[in-house]
Amino acid sequence: NNCVSTFNIKNLDTYSPPWTYETTPQEAYARLKGLFLTSDMNDATILTSDETSLYLKVQVQRNAFSNDVLEFQIKPADSVILFKSAENGSGGGSMSDFGANRKRMEDLRVKSGVFGTMGGSAGAFDYGGGR
């Protein structure tokens with residue numbers, strides 16, 4: 001599968017728990033957006049940045065044939081970040097990305113230094129369907 005999302009609760013192969021934060025929603029949004037403005041994310045393009053609704057949409061080039069689209073929605077009432085990372089290219093979604101989306105999301109979460117995962121110590125890799 002070329003997708004990982006907080007919404008896929010009935011499919012553990014593509015499910016990942018929401019991220020948590022203990023800052024203000026605005027600070028969480030700034031940190032999230034900042035992850036894509038660093039030099040090591042030069043393959044990322046911010047498509048939509050809405051600070052009012054705390055929504056961020058980013059395109060990341062995976063290879064010469066396809067790219068992935070990452071969407072983030074901060075939910076202030078719950079202090080969580082919902083997300084989806086999925087292939088959005090003409091490279092044919094039938095081939096596996098070998099966990100690239102899942103790994104990228106976990107790497108971003110860890111790199112942030114401030115985002116945890118809902119459920120405590122469980123990381124995104126703990127929800128990989130036994131992988």
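Our subject is the structure that appears above.
Residues numbered from 1 in each chain as written. Predicted model: local features only at pLDDT ≥ 70, side-chain atom pairs only at ≥ 80, totals over all residues. Heavy atoms only, no water.

(A) Summary view of the overall build of the chain. Summing up its helical and strand segments, the chain has 2 helices and 7 strands in all. For the chain, long-range pairs separated by at least 24 residues make up 51% of all intrachain contacts whose partners lie at least 6 apart in sequence. For the chain, the exposed area adds up to about 7100 Å²; of that, 52% sits on carbon and sulfur atoms. (Helix = DSSP H or I, 4+ residues; strand = E, 2+ residues; numbered from the N terminus. Contact = heavy atoms within 4.5 Å. Areas by Shrake-Rupley, 256 points an atom, 1.4 Å probe, with all protein chains shown as cover.)

(B) Representation of the layout of surface pockets. Quantified by volume, the largest pocket comes out at close to 190 Å³. Lining the largest pocket are Asp40, Met41, Asp43, Val60, Gln61, Arg62, Ala100, Arg104, Asp107, Leu108 and Lys111. When contributions to the lining of the largest pocket are tallied by element, the ones reaching two or more residues are β4 (55-61) and α2 (100-112). It is α2 that contributes the most residues to the lining of the largest pocket, 5 residues altogether. (1 Å grid on protein atoms, 1.4 Å probe; cavity = no way out; pocket = protein on both sides within 12 Å on 5 of 7 lines; lining within 4 Å. Points joined across faces, edges and corners; volume = space filled by probe spheres on them.)

(C) Here's a closer look at the pattern of salt bridges. Summed over all chains, the structure comprises 5 salt bridges. A salt bridge links Lys111 to Asp40; the nearest nitrogen and oxygen atoms lie 2.8 Å apart. Of this pair, Lys111 sits in helix α2 while Asp40 sits in the loop between α1 (25-35) and β3 (44-50), and the two are 71 residues apart along the sequence. Given a relative accessible area of 36%, Lys111 falls into the partly exposed group. A salt bridge links Asp68 to Arg104; the nearest nitrogen and oxygen atoms lie 2.8 Å apart. With Asp68 in strand β5 (residues 67-75) and Arg104 in helix α2, the pair connects residues that are 36 residues apart, well separated along the chain. For the pair Asp68 and Arg104, one class covers both residues: buried. (Salt bridge = Lys/Arg side-chain N within 4 Å of Asp/Glu carboxyl O. Buried < 20%, exposed > 50% of the residue type's maximum accessible area, 1.4 Å probe, protein only.)

(D) Geometry of the environment of Leu47. Structurally, Leu47 can be placed in strand β3. Since its relative accessible area comes to 43%, Leu47 is described here as partly exposed. Spatially, the C-alpha atoms of Leu47 and Leu70 are 9.7 Å apart, while their sequence positions differ by 23 residues. In this structure Leu47 touches Lys57, Val58 and Gln59, once residues within four positions along its chain are discounted.

(E) Structural detail: the side chain of Arg109. As for its position among the elements, Arg109 is in helix α2. Overall, the relative accessible area of 14% leaves Arg109 in the buried class. A distance of 2.7 Å separates the side chain of Arg109 from the side chain of Glu106, its partner in a polar contact. Engagement of the side chain of Arg109 in a polar contact is seen with the backbone oxygen of Phe115, the distance being 3.0 Å. (Polar contact = N/O pair within 3.5 Å; in protein donor to acceptor, adjacent residues only side chain to side chain.)

(F) Quick peek at the pairing of strand β6 (residues 80-87). With 7 of 8 residues buried, β6 lies mostly within the body of the structure. Sheet topology note: the strand β2 (residues 19-20)/β6 ladder contains 2 bridges and is antiparallel. Within the sheet, the bridge partner assigned to Thr20 lies in β6 and is Val80. Pairing between β5 and β6: 8 bridges, direction antiparallel. By the bridge assignment for β6, Gln73 is matched with Leu82. Between β5 and β6, which pair antiparallel and follow one another directly, the connecting turn spans 4 residues, one of which, Ser79, has a positive phi of 55 degrees. (Pairing = 2+ DSSP bridges.)

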